[in-house]
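Listed below, chain by chain, are the residues.
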Amino acid sequence: MKNKTSQIIIIYILTSLFIAIISFKLLKNFTSYIDCYFFSFIKDLLFIILTGLIFRFILSKNDKRNSLFFEDLKKINEKIKESNEKYDIVAKATSDTIWDWKIPEDHITWNKGIKSIYGYNQNQVGNNSKWWFNNLHPEDSIKMSIKLYSFIEQKTEKWQDEYRFKCADNTYKYVLDRGFLLKDKDGKAIRMIGAIQDITKQKEEENRLKLLETVFTETKDSIIITEAGSNENQIPKIVFANPAYTIMSGYDHAEIIGKSPVAFMGKNSDTQQIEKLLSAINNKTECSIEIICYKKDHSEYWVRLSFIPVYNLEQELSHWISIQRDISEEKKLEKEKEQLIRELTQNNKDLKQFSYITSHNLRAPLSNLTGLLNLIEDISIDDDELKEILTGFKISTHLLNETIDDLAKVITIKDSHSVHNEEIFISTVFKNIFNQISFQLETFKPEINLNFGNVVKINTNKIYFESIILNLLTNAIKYRSEDRKLHIDIFIVETYNTILLTFKDNGIGIDLDRNKDKIFGLYQRFHNYTDSKGLGLYLVKSQIEAMGGSISIESEINKGTTFTLTFKNQL
Amino acid sequence: MLDLILCIDDDPIALMLIKKNIRKVNFSKEIVTAQNGEEALDFFKSLNSTQSNSTINIQPQLIFLDLNMPVMGGWEFLDYFNNDEYSNFNNIKVIVLSSTIDPDDIEKSKAYPMVIDFLPKPITTEMLFYLKTKI
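These numbers were taken from a predicted model, which means no experiment stands behind them.

Cut-offs applied
- Residue positions are given per chain, counting from 1 as you read along its sequence in written order.
- Just so you know, chain letters begin at A and ligand numbers begin at 1, following the order they were written in.
- Where totals are concerned, whole chains, interfaces and linings use all residues; where local detail is concerned, this predicted model gives features only for residues with pLDDT of at least 70, and gives and counts side-chain atom pairs only at 80 or more.
- Working definition: helices are DSSP H or I runs of at least four residues, strands are E runs of at least two. Numbering for both runs from the N terminus.
- By definition, residues are in contact whenever their C-beta atoms, placed on the basis of the backbone, come within 7 Å of each other.
- Counting other C-beta atoms within 10 Å of each residue's C-beta, where C-beta atoms are placed from the backbone, gives the exposure class: buried for 20 or more, exposed for 12 or fewer, partly exposed between.
- For two strands to be treated as a pair, DSSP must find at least two bridges joining them.
- What we call a nonpolar core is a set of buried Ala, Val, Leu, Ile, Met, Phe, Trp, Tyr and Cys residues whose membership is set by joining through C-beta atoms within 7 Å.
- Axis lines are fitted to C-alpha atoms, over the contacting stretch for helices. Their N-to-C directions set the angle, which ranges from 0 to 180 degrees.
- Note that the term roughly parallel is reserved for angles under 35 degrees, roughly antiparallel for angles over 145, roughly perpendicular for angles of 65 to 115, and oblique for everything else.
- By convention the crossing between two helices is left-handed if the near helix lies anticlockwise of the far one by an angle smaller than a right angle, and right-handed if it lies clockwise.
- Ten residues, namely Ala, Val, Leu, Ile, Met, Phe, Trp, Tyr, Cys and Pro, are considered nonpolar, four, namely Asp, Glu, Lys and Arg, are considered charged, and the remaining ones, Gly among them, are considered polar.
- The predictor rates its confidence in each residue with pLDDT, a number between 0 and 100.
- Read the arc as the range of directions from the helix axis to the C-beta atoms.

Once that is clear, we can look at the overall build of chain B. Of the regular secondary structure elements, chain B holds five helices and five strands. Along its sequence from the N terminus, chain B presents helices and strands in the succession β-α-β-α-β-α-β-α-β-α. Considering only contacts in chain B between residues 6 or more positions apart, those separated by 24 or more positions represent 72%.

Next comes the structure, spelled out in structure tokens:
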């Protein structure tokens, strides 16, 4: 501008001087001194007009240019103002923390976010990059600085990075940092501005989801997720399937997606179960079924599967989750078990039948023998030897008969269908029993202390109950001690529908240390008595167990034996 | 004393025992025997045909029946005997006399109305006295 001005002035001076000199020369040559004043006047006038016009032209041109220039400035100013306002608004509105790093001076300024998000007070915040780098998580700092410097040296186009940044309270937050560079004319980075976004929540959620996902991917149970519904009354299409499902079904993941679970069922799949599942899906209720499915190689396998409805935040059904487990092995075992039980039941039945037949076939001729012996009784025999033989014959037959009767009893007891309960009066039962062994009671005169308190009646099997008491009584008499009078204590109490019966004697006792396991066994004899068959306690135990009760024994040699019996007093 | 009874048993000794005991207590004047159910049915068939000839013929008043017999057992006999074919005889009472201990057998016998008792072998005079009071 100044240059232009001096240019114009120089041009003006030169032009004026040139005109003045030309005028002077012309005057000197062509005019006389007479006209001199007049001419000089004219010349001055012309000069003034000429220079005036020239000035006007130059000034108006300048004026125009200036006003244009001013307009431009004004516009730029407004733009800057607006941009500043925008920046302020954005900086306020953003949750990001903005930093501004003057690289040559290594000076960083942080916006308010450094306090509101990371908890640092203004005086705690360092103003150089060192402070920044020091607050990086040690595991992230190297990776982060490598990426950052390669960006500053402009080896990379863009820069954004995730790292953990330490807060004032020494906890770390996950952040996403994005920045851009400002360069000077030589293209050297002089300034970098960035925004740090706190992504801790996202990161934690991400980690949580990753963890939850491992359930889906790692579990041995097959899991599929289906759509909420299907429009053609089908089981909805699968949208996800976990690896366990692909392993179980033999299909690839891509082959599974978009199919209805029905596609994996086939001719042996129970249609009733499918119907059950369908109706549960229609009713939006949970459902669990067991069904045969088919692998890709068409082999069958049993699956226990559940369908659970999943609702979204709006309480609308969004998906179904189905957890499935291959239970082929279980089913196989179950089948084998059923087969085994069937066989065992049949075997048992056969054996029982066999024992009845055997018993019958033994008893038939034996009953003939008894009948024949009965007939002989009425015939008088004179031959003494024959008489003796017949007596022996009779005793043996009688013994054989008794044994077979006992065995028959055992068989019938084991056939527990024959247990019928009835209400019996305890006093009547004992009177009955004492009558049956009145001869023995007369002979040995035991002192029997019977105490049944307020238990008057028992609901039980009369025959068994009598047989049990009778067996215990005759045992007590049989195994009494010769050194002392026989005492028998019988106590009956009732607690919670259970009758507890204690039967105590002061007899010779049993060596339980040696015989604990055999005491209630079949054909176990513990004393060398001729009329002992080793059946009594076995019968007692069988009978009481057939009635749902139990028996236990305590005994001390030469002190006595105590039996404790429980009966269910069923009504 | 009864006039006629029928004993059905395949065991000759058992039959002998029945006969001897019956005679002993004068339980019946006459005793007919059959070795199995089929023979017994034949006996009743012959009774039927002679009766149609209007000759007066006495029916057995009581039957002693064994259960386990070859050819036709006691149960099968009872099933046939219950049919209309033998309706002339359905007032005859039956005593099952058996060595069985199978509780199902006793239960089963209750289903036949003509069976009035189920007695264990061997037959004894006491049993016959008891039956006398029952008939």
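Moving on, we get to the interface of chain A and chain B. Listed by partner, the interface residues are 17 residues for chain A and 15 residues for chain B. When residues in the side of chain A that touches chain B are grouped by element, the largest group, twelve residues, is from helix H10 (residues 328-377) of chain A.

Moving on to the pairing of strand S2 (residues 107-110) of chain A. Residues and elements named next belong to chain A. Every second residue of S2 is oriented toward a common face, the buried set being Ile108 and Trp110 and the non-buried set His107 and Thr109. In this sheet, S2 lies alongside strand S1 (residues 97-102) in antiparallel orientation, the contact comprising four bridges. Each residue of the ladder has a partner; that of aspartate 100, found in S2, is threonine 109.

Moving on: the nonpolar core. Counting residues in each nonpolar core, the largest one holds 29 residues, and the members touching the most others are A:Ile468, A:Leu472, A:Val540 and A:Leu565. Among the elements of the structure, helix H12 (426-436), helix H14 (462-478), strand S14 (487-495), strand S15 (498-505), helix H16 (536-546) and strand S17 (560-568) of chain A are those that each provide at least two residues to this core. Per element, the largest residue contribution to this core is seven residues, and it comes from H14(A). Counting residues in hydrophobic clusters, the runner-up holds 27 residues, among them B:Cys7, B:Leu17, B:Leu62 and B:Leu67.

Here the bond from B:Lys121 into B:Pro122 is cis, since omega is 0°, no more than 30 degrees from zero. By secondary structure assignment, the location of B:Pro122 is in the loop between strand S5 (115-120) and helix H5 (125-134). The backbone of A:Asn170 sits at a positive phi, close to 70°, despite the residue not being glycine. Not every positive phi belongs to a glycine, and B:Val71 is a case in point at roughly 65°. Note that B:Val71 resides in the loop between strand S3 (62-65) and helix H3 (74-81).

So, on to the sheet that holds S15(A). Residues and elements named next belong to chain A. The five strands are arranged S12-S14-S15-S17-S16 in an open sheet whose pairing can be described as mixed. On the outer flanks of this sheet lie strand S12 (447-451) and strand S16 (550-556), each paired with one strand and no other. Between one strand and the next, the sheet's axes are offset by a mean angle of 10°, whatever the strand orientation. Across eight bridges, S14 lies against S15 in antiparallel orientation. Across the sheet, isoleucine 488 pairs through a bridge with aspartate 505, a residue of S15.

Residue and element names in this part refer to chain A. The strand order across the open sheet built from five strands is S2-S1-S5-S4-S3, with neighbouring strands paired in antiparallel fashion. At either end of the open sheet lies a strand with only one pairing partner, and these are S2 and strand S3 (159-166). Averaged over all neighbouring strand pairs, the angle between strand axes comes to 25°, with direction disregarded. Direction of pairing for S3 relative to strand S4 (residues 172-183): antiparallel, over a ladder of eight bridges. Across the sheet, residue glutamine 160 finds its bridge partner in S4, namely arginine 178.

Below, the discussion takes up the packing of H14(A) against H16(A). All names here are of chain A. At a closest axis distance of 9 Å, the pairing of H14 and H16 adopts a crossing angle of 150°. For the element pair H14 / H16, the angle class is roughly antiparallel. Where H14 crosses over H16, the handedness of that crossing is left-handed. Contact residues: Tyr464, Ser467, Ile468, Asn471, Leu472 and Asn475 in H14; Gly536, Leu539, Val540, Gln543, Ile544 and Ala546 in H16.

Right, let's talk about the environment of A:Gly548 for a bit. All names here are of chain A. Within the secondary structure layout, glycine 548 lies in the loop between H16 and S16. Taking the C-beta count within 10 Å as the criterion, glycine 548 has 14 such neighbours and is therefore assigned partly exposed. Sequence-wise, glycine 548 and phenylalanine 567 are 19 residues apart; in three dimensions their C-alpha atoms are separated by 7.0 Å.

So, on to the environment of A:Gly453. All names here are of chain A. Looking at the element boundaries, glycine 453 is found in the loop between S12 and strand S13 (457-460). Residues glycine 453 and glutamate 494 lie 41 residues apart in sequence; the distance between their C-alpha atoms is 9.2 Å. Discounting chain neighbours no more than four positions away, the residues touching glycine 453 are Ile492 and Val493.

Residue and element names in this part refer to chain A. Close contact between H12 and H14 brings their axes to 10 Å; oriented N to C, the two are set at 50°. For the element pair H12 / H14, the angle class is oblique. As H12 packs across H14, the resulting crossing turns out to be right-handed. Across from Val429, Asn432, Ile433 and Gln436 in H12, the residues of H14 making contact are Phe465, Glu466, Ile469, Leu470 and Leu473. By residue class, the composition of the contact of H12 with H14 is six nonpolar, two polar and one charged.

Looking at chain A, the pLDDT average stands at 86 and 96% of residues meet or exceed 70. Across chain A, the secondary-structure element scoring lowest on mean pLDDT is helix H1 (residues 2-30) of chain A, at 77, and the one scoring highest is strand S8 (residues 287-294) of chain A, at 93.

A few words now on H3(B). For H3(B), the complete set of buried residues consists of B:Gly74, B:Phe77, B:Leu78 and B:Phe81. For H3(B), the buried positions fall inside an angular range of 100° around the axis, keeping them on one side.

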